[in-house]
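Residue-level listing of the chains:
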Amino acid sequence: MRKVYADATAALAGLLRDGMVIHSGGFGLCGIPAMLIDAVKESGVKDLTVVSNNCGIDDVGLGKLLRTRQIKKMIASYVGENAEFARQFLAGELEIEFNPQGTLAERIRAGGAGIPAFFTKTGVGTAVAEGKPTQVFDGETYLMERGIFADLALVHAWKGDTEGNLVYRRTARNFNPMMATAAKVTVAQVEHLVQPGEIDPDHIITPGVFVKRIIQLPSGYEKLIENRTVRPKAA
């Protein structure tokens, strides 16, 4: 199977439709599939349900899809530093399903593992538990959470080979590996594209069997950060 595509638009051709559920990797702006998100924006698809830790910042990454009102619902952990996300949420213009961060991670992991639901103590007795079944185990009340399996997963990796095997780098790993396993189709953008055999098998984090399409980021691709914090240089 040919997995490498020329660009993000080509890689997403035939996959996008209105009303679909999309996993989008990243944490803030760290490890976000920005070029793939841009291609989603340009496609014009709407009424999307997007699963992501947060929506980054205004007009960057998923913030672009918020601005164009292509997202109908967010399943996320927090509003973060995105003013438009906060505004739409407070105005009732955007449907939001908030999850404790660990619960969100486990819901995605469970979806990829074929587990339809699981029980957790996190959120019991809070607004998170509203409308969800509970059950008592060993005298403790647990909340049932559903696994999430998306139509499409968009992920960012540091290195990948042409068979789709992926390696992530440090904190840019975040939600990407679990999302890659939890969708009908996974599309990856990689910083470095190599040939099969050039990645040590022990270093592969996402096996290529999960990745259907892949693009290489162009030279000079800029990875943005939310807040640059540096310490003064020593005299």
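First, a word on what this report is: a plain description of the structure on this page. Because the structure is predicted, anything quoted here is derived from the model rather than measured. (Residues numbered from 1 in each chain as written. Predicted model: local features only at pLDDT ≥ 70, side-chain atom pairs only at ≥ 80, totals over all residues. Heavy atoms only, no water.)

1. So, the overall build of the protein chain
Looking only at helices and strands, the protein chain features 6 helices and 11 strands. Compactness check: the protein chain gives a C-alpha radius of gyration of 18 Å against a globular reference of 18 Å for 235 residues, within 12% of the reference. For the protein chain, the C-alpha atoms occupy an extent of roughly 55 × 50 × 35 Å along the three principal directions. Across the 235 residues in the protein chain, those meeting the buried criterion constitute 46%. At a minimum sequence separation of 6, the contacts of the protein chain that also span at least 24 residues come to 71%. Accessible area for the protein chain stands at about 11800 Å²; split by element, carbon and sulfur atoms hold 52% of it. (Helix = DSSP H or I, 4+ residues; strand = E, 2+ residues; numbered from the N terminus. Rg over C-alpha atoms; globule rule 2.2 N^0.38 Å. Buried < 20%, exposed > 50% of the residue type's maximum accessible area, 1.4 Å probe, protein only. Contact = heavy atoms within 4.5 Å. Areas by Shrake-Rupley, 256 points an atom, 1.4 Å probe, with all protein chains shown as cover.)

2. Observations regarding the pattern of salt bridges
Overall, the coordinates contain 18 salt bridges when judged by the stated rule. With a shortest N-O distance of 2.8 Å, R87 and E93 are connected by a salt bridge. For R87, a relative accessible area of 35% gives the class partly exposed. Judged by relative accessible area, E93 falls into the partly exposed class, the value being 39%. Salt-bridge contacts for E145 lead to K132; the nearest nitrogen and oxygen are separated by 3.0 Å. Of this pair, E145 sits in strand β7 (residues 140-146) while K132 sits in the loop between β5 (117-120) and β6 (134-137), and the two are 13 residues apart along the sequence. (Salt bridge = Lys/Arg side-chain N within 4 Å of Asp/Glu carboxyl O.)

3. Things to note about helix α5 (residues 101-113)
For α5, which comprises 13 residues, the first-to-last C-alpha distance of 18 Å matches the rise-based estimate of 18 Å (1.5 Å per residue) to within 8%. Residues of α5 that are buried include every one of T103, L104, A105, R107, I108, A110 and G111, and no others. G114 occupies a position one or two residues after α5 and carries a positive phi of about 75°. (Expected span 1.5 Å × (residues − 1).)

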